[in-house]
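This is what each chain is made of:
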Amino acid sequence: MQNWQKETVLYQIYPKSFCDSDGDGIGDIRGIISKVPYLKSLGINAVWLSPCYPSPNDDNGYDISDYRGIAPEYGTLDDFKELLDLLHRSGIRLLLDLVVNHTSDEHEWFRESRKSRDNPYRDYYIWRDPVDGHEPNGWRAGFGGSAWEFDEQTGQYYLHLYSRKQPDLNWDNPKVREEIADMINYWLDMGVDGFRCDVINSISKDFTAEWPGMGPHLHEYLHELHVKALGPHGALTIGETWGLTPAQALLMTSEERGELTTTFQFEHLLLGRVGGDKFKKCDVDRKEFMDILAKWQYGLKDEGWPVLVMENHDQPRALSRFGDARFPYESATMLATLLYGLRGIAVIFEGQELGLENPVFKKLSDYRDIETLNAYREMEKDYDPETLLEMMNFGSRDNSRVGMPWNGGKHAGFTSGTPWIDFGFDPERTVEAEEKAERSVLKFYREFLALRQNDNVLLYGGFELLKNDGDTMVYRRSKDGDSRYIAVRFSDAPAPLPQEVPLNAECIICNYSDVTDTLRPFEARIYKA
Ligand code: GLC
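Here we summarise the structure given alongside this text. Quick caveat: nothing in here was measured; it's all calculated off a predicted structure.

So, about the overall build of the protein chain. Regarding its fold elements, the protein chain presents 17 helices and 18 strands. Taking 24 Å as the expected radius of gyration for a compact globule of 529 residues, we find that the protein chain reaches 23 Å, a close match to that expectation. Its C-alpha atoms give the protein chain principal-axis dimensions of roughly 75 × 50 × 50 Å. Considering the protein chain as a whole, with its 529 residues, one finds that 60% of them fall into the buried category. Taking contacts inside the protein chain between residues at least 6 apart in sequence as the whole, the part at least 24 apart equals 68%. For the protein chain, the computed accessible surface area is about 20300 Å², with 48% contributed by carbon and sulfur atoms.

Written out as structure tokens, the structure is:
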């Protein structure tokens, strides 16, 4: 892995919600172009752009109908090239979203595939005969219902692990793999620096399993992409891989094997949910939160490189889940220190740097997300409408998908038109307000990132967990005899500064204005010794 890859601070942009330049209520590429100075000012050095390809938007762009184009609502290919060039001139790399487990059902390949059983594109997708007049097996789709859809015209079912408008590609077909490698080369040749790889551990299916992910040819297919496209370009690839163990992650990312550069780990994001159900809230086990982070720091040893994440377009705001609304500044900055004090690629989702909380949706019709709408319908019989709305407000993906609050103007300066999704915002928590405020989450992120990116111990040092009682956490990062101690209070009550921090250590960043011998609610400090 190259050093620039290890030092990546990746800012995720959800194009639909970032900045609208033409007043149609939908964010666009020219809007992003206008915010490059802001991105630069944050101290990030890479952008991950969620899908901006043509799409019927059944799943907000994760249903792609043309892998080589730009969605007209986002702009043109020339706009995209201008953005890429401007980012590069600003020292910022660009990662695209690689969504190749499935296409849209409106992709030309699928339109052909469904025409007849002997169409040349038939085997681009996964078709099966009915079994006793029913679905070939009991697999459920990610957004509810069966994962099989019957197609009248040819009398077979096709597989879709997500919505029925997202048919799964048949990776066992060498032509499909060839097409994907060509498409990857098309973007890399244009200058793109890498990809975030959507549900990539599902591309090879295990037809004997209860859930088809991590099939028998996964490693082989990833290696093939590496050899034909990713490797020669030195691309940075980050796999979206739910449910992996550290050992499996190491297999997918070891340098000799040549597959992906790194993978996300999301295990800590399952906490605070009853049985992992994203709509059912329970208390977060803070001790476990830290233990999971530590497990991955230790588990990837010196061979792997972690990816540090707490928010994205599929997750509600971290502050609403793990923070404390009575201490928004303190808990947002504590969470940032706790997470990004660790070794790994730091990933920040748009608006996280402002300490945003979930917006409040007042009615079902305010939601746009297919997962939320389907879940609501499926649960309608079991809950009263008020409880349901509360559950959606807690878990919906739309919580992070509303417009970015730039200023206190109409629609927070996101659009001059009518936003594609309605949202309220806190005028104190906009980019403009936080730039003016004496103390803000935004200012803390800038200060902390500047410190981190210029500190070889924070970037490269080893990890050791020294204390974790669920309220106070201390860990050490060290390199060549130089150490940093990260000490945080993950609680609304104060406690004495833990003795794991050496007496002679010097505090180099703190989210309170003075340094005392007590850790106050959600206080976070980094010491040098
Ligand atoms: C990934 C994406 C999510 C999408 C799904 C299907 O999990 O992050 O937004 O709905 O894949 O493409």
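So that's the structure; there's more coming.
This part takes up the sheet that holds strand β6 (residues 156-159). With antiparallel pairing, the three strands of this open sheet are ordered in space as β4-β6-β5. Two strands in the sheet have a free side with no partner beyond their single neighbour: β4 (127-128) and β5 (148-151). The pairing of β4 with β6 spans two bridges and is classified as antiparallel. Within the sheet, the bridge partner assigned to R128 lies in β6 and is Y157.

The subject of this paragraph is the site of the ligand. Neighbouring residues of the ligand: 14 residues in total, closest D59, D198, E240, H313 and D314. Measuring from an oxygen atom of the ligand, one finds a side-chain N or O atom of H102 at 2.9 Å. One of the side-chain nitrogen or oxygen atoms of R196 is found 2.9 Å away from an oxygen atom of the ligand. Across the complex, the protein chains shield 96% of the 300 Å² of accessible surface that the ligand would expose by itself. The class makeup of the residues in the shell around the ligand is four nonpolar, three polar and seven charged.

This brings us to the packing of helix α12 (residues 328-340) against helix α16 (residues 441-453). What describes two packed helices is the angle between their axes and the distance between those same axes. At their nearest, the axes of α12 and α16 sit 10 Å apart, and the two run at 20° to each other. In terms of axis orientation, α12 runs roughly parallel to α16. α12 and α16 meet at a crossing whose hand is right-handed. Residue-level contacts link Y329, A332, T333, A336, T337 and Y340 of α12 to V441, F444, Y445, F448 and R452 of α16. In terms of residue class, the contact of α12 with α16 is made up of eight nonpolar, two polar and one charged.

Next up on the list: the nonpolar core. In a soluble, globular protein the nonpolar side chains are often hidden away together inside. Counting 146 residues, the largest nonpolar core has Y11, Y38, L39, I44, F80, I180 and I184 as the members making the most contacts within it. At eight residues, the largest contribution of residues to this core is made by α12. Ignoring anything within four residues of it in the chain, the contact list for L39 reads Y11, I13, F18, I44, V47, L87 and I92. Judged by nonpolar contacts, the second largest core, of twelve residues, contains I126, F143, L159 and V199.

Basis of the calculations
- Residues numbered from 1 in each chain as written.
- Predicted model: local features only at pLDDT ≥ 70, side-chain atom pairs only at ≥ 80, totals over all residues.
- Heavy atoms only, no water.
- Helix = DSSP H or I, 4+ residues; strand = E, 2+ residues; numbered from the N terminus.
- Rg over C-alpha atoms; globule rule 2.2 N^0.38 Å.
- Buried < 20%, exposed > 50% of the residue type's maximum accessible area, 1.4 Å probe, protein only.
- Contact = heavy atoms within 4.5 Å.
- Areas by Shrake-Rupley, 256 points an atom, 1.4 Å probe, with all protein chains shown as cover.
- Pairing = 2+ DSSP bridges.
- Near = heavy atom within 4 Å.
- Polar contact = N/O pair within 3.5 Å; in protein donor to acceptor, adjacent residues only side chain to side chain.
- Nonpolar A, V, L, I, M, F, W, Y, C, P; charged D, E, K, R; others polar.
- Axes fitted to C-alpha atoms, helices over the stretch in contact; angles between N-to-C directions.
- Parallel < 35°, antiparallel > 145°, perpendicular 65-115°, else oblique.
- Left-handed = near helix turned anticlockwise from the far one by under 90°.
- Core = buried A, V, L, I, M, F, W, Y, C linked by side-chain atoms within 4.5 Å.

Keep in mind that these numbers describe shape and distance, not what the molecule does.
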